[in-house]
Every structure is written in C-alpha cells, then in structure tokens.
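The primary structure of each chain is shown beneath.
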Amino acid sequence: HWLEFTKSIAKQMKSQPPFTMCLRVKFYPPDPAALKEEITRYLVFLQVKRDLYHGRLLCKTSDAALLAAYILQAEIGDYDPGKHPDGYSSKFQFFPKHSEKLERRIAEIHKTELIGQSPETSELNFLQKAQMLETYGVDPHPCKDVSGNPAFLAFTPFGFTVLQGNRRVHFLKWEEVTKLKFEAKTFHIYANQKEDKKIILTYFAPTPEACKHLWKCGVENQAFYKLEKSSQVRTVSSSNLFFKGSRFRYSGKVAKEVMEQSAKIKRDPPEIHRAGMVPSRSCPSITHGPRLTSVPRTRRRAVHISIMEVSLGTMRCFLWTGKAGYLTSNPLDA
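Draft legend 1. How the structure looks around the overall build of the protein. Summing up its helical and strand segments, the protein has eight helices and 12 strands in all. In the protein, which comprises 334 residues, the proportion classed as buried is 48%. The long-range fraction of contacts in the protein, counting pairs at least 24 apart against all pairs at least 6 apart in sequence, stands at 60%. Of the accessible surface of the protein, which amounts to about 17,700 Å², a share of 52% is contributed by carbon and sulfur atoms.

Okay, structure coming up:
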C-alpha cells in the first residue's frame, strides 16, 4: 500500500514495529528518455530491473535476453575473457527463473552486440526497450472476473490494463476511462471507446479493503497521467448516490507539471555511484540498488540522504514498508 503523505504515518500502520521502509518508484515515466537528469534515469532503471526480477515485467524470451544483456553491460562493463569465464552470466539472477539456453543467449548478446556502451547508454537502452512492453510500470492487483477466473488489474502510464496469465485481455487508455467505482469487494471501470461505444468492466477484489485500495490507486494514476494541471484535480466519490461511500482526492503535481519542472532544473549533474552486481543466486542483490555494505556505519545515513536529495527533481518517489506492506510518500520535487 501507499501511505498518504497528508495523513499521519502512525495512523496508517497496521502492524507492529519495527517497520522496514524501502524507496521505490510509484509513477513510472511514459518516456524515460525525456527525464532530464541521469541520476533519475538510473533510479528508474533500478526499479524496472527489480520489476523484471520479481516477474512483474513480462516479456518474450528474445526481449528478456536483450534486457538482461543491457543490465550486464551497464553493471559489469564490456566482456573480458580474463574476468568473465564461460558461464559467467549464469551467476546472476535477472528473472524469477530462466534456462541455460537463455543464459547463453544473454552472454552472446553481451559479448558481441553491446561492446563499448557506457552504463548510461545501456541503462537508457534498457528503459526504452522496457517501456515498449505491455507490463511496463504495472502494479498488479489480484482480482477475479465475473466468471470467477483469476486476473490482475493494473494501472500503467498509458492506461488501465487487465492481465490473465501472461496475456493482456483488456486495455483502456486513460482518456477512455470515465469513472472508477467500488462497492464492498466489487470494482467497476466505466469507459467510452470509439464510436461512442460504452463499456463497463466488473471485477471482484479479495476484500473490501483491497478493493478500496485498488480504487484509490486507479484514481491517483488517472489524475497523474491524464490531467494537464494539478488545479484540475477534483475530489471523487466511490458512489454517485448522494456521495455515499468513500471520497478521495489525489494530492501532488501531475505528470506534465513534473516534466515541465524537470526541464527547468539548472545545476551541475549529481554524481552517481553505481552498484556492481553480486554474483549469487541465493542473494538477488541486483534488485536492491546500491550496496552499502562497504560503507562505514557512520556514513550510511549520509549516503541514503544524498541519494534522496539528488534523485527527486524529475520524479515522485515513495517509501514502502516491507513488513506492513505500506508506503509513505512525499512530493519530492527539486
């Protein structure tokens, strides 16, 4: 869950301390190349790489091999036979699981096609390839359709999508979605498509709380990606009947405003300390950003603060509590 930064964090925590919080991206850029600063693209790269590892970013084998090869090139550099013996790509975990054939293909691309690419170039190529995939930027919510079949509802920079298995069964652009509504565990999506074709999609969340969370996420994503200005944001209700039910208002800048503000940033580019990959299947450290194990204890907090200060000019970042499953957000725009 994402915590609302307008409310007390203590009131939103449902579990007992200690709380573990992690920084991650909530709103993915529709075009990562448009991000002005390299540090911001790097943090988005870390997030999408994590999505790939956790199976959120689905892709066919050929795309998977290329994405993994970009990660290798960005994090270990050019292939060097003295440093990279046969089977070197098998020491790294890019996906939840993969075959030896795919590992060989990853190494082949890394050895032959990406030589000379700088980390910045490889990261940008990775993001540009990832943004073309149907599951780029998804935050999947488990539901069931009217027939009882499992499905995942997700909101992307481009619209609302429904996934069943590894297949996208519905996609609605944000400008087509006219209303999001929930009642108990039932979630409705109203949309107008071409030739005034009106459709209503209905799904069922596991619990009323999960359904309300799904609705809030949808309201936030639609406001962020669809609106031209934050002044256009309105309080929405989960019901049309005398405003019964929940009411919610998105807080913060919208995507267009964030990108416009980003373009006005004038400062020396912040220094980036990239992390090297940890060759271990049992410890998927490639998904957790920069490793700070070598940083003295007295400096670790300073390093974290530095990352937060320099990375937030062109994107909105949020903190996630791994134990409680909640996040706290800040409009961290420079």
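There is more to say after this.
Draft legend 2. Quick look at the pattern of salt bridges. Counted by the stated rule, this structure contains 12 salt bridges. In this structure, Glu 38 and Arg 274 form a salt bridge, with 2.6 Å as the shortest nitrogen-oxygen distance. Of this pair, Glu 38 sits in helix 2 (residues 38–53) while Arg 274 sits in the loop between helix 7 (255–263) and helix 8 (297–311), and the two are 236 residues apart along the sequence. A residue is classified by how much of its surface remains accessible, and Glu 38, at 25% relative accessible area, is partly exposed. Exposure remark for Arg 274: the relative accessible area of 29% places this residue in the partly exposed category. Note that Arg 41 and Glu 120 form a salt bridge whose closest N and O atoms lie 3.0 Å from each other. Here the residue Arg 41 occupies a position in helix 2, and Glu 120 occupies one in helix 5 (residues 119–130), the gap between them amounting to 79 residues. Given a relative accessible area of 33%, Glu 120 falls into the partly exposed group.

Draft legend 3. Main features of the packing of aromatic side chains. In the structure shown here, the tally under the stated rule is 13 aromatic pairs. With 6.3 Å between their ring centres and 25 degrees between their planes, Tyr 42 and Phe 45 make a pair best called stacked. Of the two residues, Tyr 42 and Phe 45 are both situated in helix 2; the distance of three residues between them amounts to about one turn of the helix. Both residues of the pair, Tyr 42 and Phe 45, count as buried. Cluster of aromatic residues (ring-pair linked, three or more members): Phe 27, Phe 224, Tyr 225 and Tyr 250.

Criteria and thresholds
- Residues numbered from 1 in each chain as written.
- Predicted model: local features only at pLDDT ≥ 70, side-chain atom pairs only at ≥ 80, totals over all residues.
- Heavy atoms only, no water.
- Helix = DSSP H or I, 4+ residues; strand = E, 2+ residues; numbered from the N terminus.
- Buried < 20%, exposed > 50% of the residue type's maximum accessible area, 1.4 Å probe, protein only.
- Contact = heavy atoms within 4.5 Å.
- Areas by Shrake-Rupley, 256 points an atom, 1.4 Å probe, with all protein chains shown as cover.
- Salt bridge = Lys/Arg side-chain N within 4 Å of Asp/Glu carboxyl O.
- Phe/Tyr/Trp six-rings, centres within 6.5 Å; stacked < 30°, edge-to-face > 60°.

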